[in-house]
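Structural overview
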Amino acid sequence: MWKNIVAAPADSILGLTEAFRNDPNPQKVNLGVGVYKDDAGKTPILACVKEAERLLLEREITKSYLPISGDPVYAACVQKLIFGEGSEVVGSRRAATIHAPGGTGALRVGADLLHKFMPAAKVWLSRPTWANHKGVFATAGFSLGEYAYYDPATKNVDFTGLVQSLKAIPAGDIVLFHACCHNPSGVDLNHDQWREVVAIARERGWMPFLDFAYQGFGIGVEEDRYAIEQFAASGLDYFVASSFSKNFGLYNERTGALTVVSPTAAESAVAMSHLKTVVRVIYSNPPAHGGLVTATILSDPTLHRQWLAELAGMRERIVAMRSALVDGLNARGVAGDFSYIKQQRGMFSFSGLSDATVAWLRQHKNIYVVGGGRINLAGLTSNNIDYVCDSIAEALQS
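All figures in this text were calculated on a predicted structure; none of them were measured in a lab.

Section: the overall build of the protein
- In terms of helices and strands, the protein carries 15 helices and 13 strands.
- In terms of C-alpha radius of gyration, the protein reaches 21 Å, essentially the compact-globule figure of 21 Å for 398 residues.
- Expressed as lengths along the three principal axes of its C-alpha atoms, the size of the protein is roughly 65 × 55 × 55 Å.
- A separation of at least 24 residues holds for 75% of the contacts in the protein among residues at least 6 apart in sequence.
- Carbon together with sulfur atoms contributes 54% to the accessible area of the protein, which is approximately 17500 Å² in total.

Comments concerning a nonpolar patch on the surface
- Taken together, the side chains of Met1, Trp2 and Ile5 define a hydrophobic patch exposed on the protein surface, amounting to about 440 Å² of accessible area.
- Checked against the element boundaries, Met1 lands in the segment before α1 (14–21).
- Accessibility expressed as a relative area gives 80% for Met1, which makes it exposed.

Some remarks on the packing of helix α5 (residues 102–117) against helix α10 (residues 265–282)
- α10 packs onto α5 with a crossing angle of 120° between their chain directions and a minimal axis gap of 10 Å. When the axis of α5 is compared with that of α10, the two are oblique. Here the hand of the crossing between α5 and α10 comes out right-handed. In this structure, α5 uses Val109, Asp112, Leu113, Lys116 and Phe117 to contact α10, whose residues at the interface are His274, Leu275, Thr277, Val278, Val279 and Ile282.
- Among the residues forming the contact of α5 with α10, the class breakdown is 7 nonpolar, 2 polar and 2 charged.

Some remarks on the side chain of Asn30
- The residue Asn30 is located in strand β1 (residues 29–30) in this model.
- Separated by 2.9 Å, the side chain of Asn30 and the backbone nitrogen of Gly32 make a polar contact.
- Apart from residues no more than four positions distant in its own chain, Asn30 is found in contact with Thr17, Phe20, Tyr368 and Gly379.

Some remarks on the nonpolar core
- Leu166, Phe177, Val197, Phe231, Trp307 and Leu325 are the most contacted members of the largest nonpolar core, which totals 104 residues.
- It is helix α12 (residues 301–331) that contributes the most residues to this core, 9 residues altogether.
- Look past the residues within four positions of Val197 in its chain and what remains in contact with it is Phe159, Leu162, Leu166, Phe177, Leu189, Trp206 and Phe231.
- Counting residues in each nonpolar core, the second largest holds 30 residues, with Ala100, Leu114, Phe239 and Val260 among its members.

A few points about the sheet that holds strand β9 (residues 238–243)
- Across the sheet, which stays open at both edges, the 7 strands sit in the order β2-β10-β9-β8-β7-β3-β4 with mixed pairing between neighbours. Because the sheet does not close on itself, it has two edges, and the strands there are β2 (95–101) and β4 (143–148). Taken pair by pair, the neighbouring strands of this sheet meet at an average axis angle of 25°, ignoring direction.
- In this structure, strand β7 (residues 174–178) lies alongside strand β8 (residues 207–212), joined through 5 bridges in parallel fashion. Following the sheet pairing, Ile174 is matched in β8 by Met207.
- Here helix α3 (residues 72–83) sits on the sheet in contact with β2, β8, β9 and β10 (255–261), set at roughly 70° to β10.

So, the pairing of strand β3 (residues 122–127)
- Examined bridge by bridge, β3 and β4 share 6 bridges and lie parallel to one another. Looking at β4, one finds that Val123 is bridged to Leu144.
- A crossover connection joins β3 to the parallel β4 through helix α6 (residues 131–139); in handedness this β-α-β unit is right-handed.
- Relative to β7, β3 runs parallel, the two being bridged by 2 bridges. When the sheet's bridge partners are listed, Val123 is paired in β7 with Ile174.

Overview of helix α8 (residues 191–204)
- With 14 residues, α8 should cover 20 Å at 1.5 Å per step; its first-to-last C-alpha distance of 20 Å lies within 8% of that length.
- For α8, the set of buried residues is Gln193, Trp194, Val197, Val198, Ile200 and Ala201. End-on view of α8: buried residues confined to an arc of 160°, all on one side of the axis. Those residues of α8 that are exposed and aimed more than 90 degrees away from the buried face are Asp192, Arg202 and Glu203.
- Close packing links the buried residues of α8 with α7 (159–168), β7, β8 and α9 (226–234).
- For α8, the capping residue at the N-terminal end is Asn190, with a side-chain oxygen 3.1 Å from the backbone nitrogen of Asp192.
- Just beyond α8, the residue with positive phi is Gly205, at close to 85°.

Conventions used here
Residues numbered from 1 in each chain as written. Predicted model: local features only at pLDDT ≥ 70, side-chain atom pairs only at ≥ 80, totals over all residues. Heavy atoms only, no water. Helix = DSSP H or I, 4+ residues; strand = E, 2+ residues; numbered from the N terminus. Rg over C-alpha atoms; globule rule 2.2 N^0.38 Å. Contact = heavy atoms within 4.5 Å. Areas by Shrake-Rupley, 256 points an atom, 1.4 Å probe, with all protein chains shown as cover. Patch = residues over 30% accessible without salt bridge, like charges linked within 9 Å, V, L, I, M, F, W, Y side chains within 5 Å. Salt bridge = Lys/Arg side-chain N within 4 Å of Asp/Glu carboxyl O. Buried < 20%, exposed > 50% of the residue type's maximum accessible area, 1.4 Å probe, protein only. Axes fitted to C-alpha atoms, helices over the stretch in contact; angles between N-to-C directions. Parallel < 35°, antiparallel > 145°, perpendicular 65-115°, else oblique. Left-handed = near helix turned anticlockwise from the far one by under 90°. Nonpolar A, V, L, I, M, F, W, Y, C, P; charged D, E, K, R; others polar. Polar contact = N/O pair within 3.5 Å; in protein donor to acceptor, adjacent residues only side chain to side chain. Core = buried A, V, L, I, M, F, W, Y, C linked by side-chain atoms within 4.5 Å. Pairing = 2+ DSSP bridges. Right-handed = clockwise from strand over helix to strand, strands pointing away. Expected span 1.5 Å × (residues − 1). Arc of directions from axis to C-beta.

As structure tokens, this is what we get:
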């Protein structure tokens, strides 16, 4: 079958990780894949996760299937997390949440559901966006467009261009946003800008779809859901894809959720009925373990507090690495102002490094960076920060 078929290209990010793993150089540094690392360069299992797993092991009495939509306690915990305790959306029951296999699975379920009822719609993505967004929505059958977002000259949001783009998108189309910690730029909208975006959505009549993969990695769990809350208050229909890979460290458990918000509880029930039909033909029902771990932590006050503290520690380490990188480049006399890196949020930064510099760093210093200059700050540690700063300085000064 495969004799006359050309091999598919490697994923731009996961392929980079494979090359890193095969690199024998002991000084190699991976600043590519979006996985949190501690200061020892390891992806840790959170202590609250280990305790939740211990409790689950003691209490577990069956390995039977979960419902198609997943564990209802998990869904309730997800809604409280993304909307806030006491949210009107939760109280009015106008949100329908299903447990999905990771944030990518949530995006795909949402894409298939939307394409079922809006096949002629176009999906609009920020320029730039996470590369897999394009594959997920194109494979679901949508044509794609881009809206202005990042200005490489100012290293900030091109808000004038963004507003112009959003006002030109026709009613009935779908617009995907990063709710916080924009990937790959690290540049987020402020509160005033989010309120204007919501106003445009109401005026124009397109469907908002928010990718919420990094709650708690920006400013904090409550602060990072500002966009979700503003769309909730608008009364619009919208979608939220959540991931717990980063903020719970549940990468290989593929734990995510898709939440469909509607104006009324009755409409939400209709949405849930169709969510189940989509899930049934993709994966039938979700894997249990990661969702049960998450629900155990979020529903236990002691574990919840422990999780918030561990999450804060991860967030603060990334902030510290941002400062260390900027200060390290300045100390080496590298030309240019890199202070914008300190203002960005989440794990990622558009570093300003050119593709030529990225290639030089990989070839000569075994430092792996995604094309376009996106770096994962969590890949920096106290042991490699000087080597990385020295290497970037050499690359930019050579």
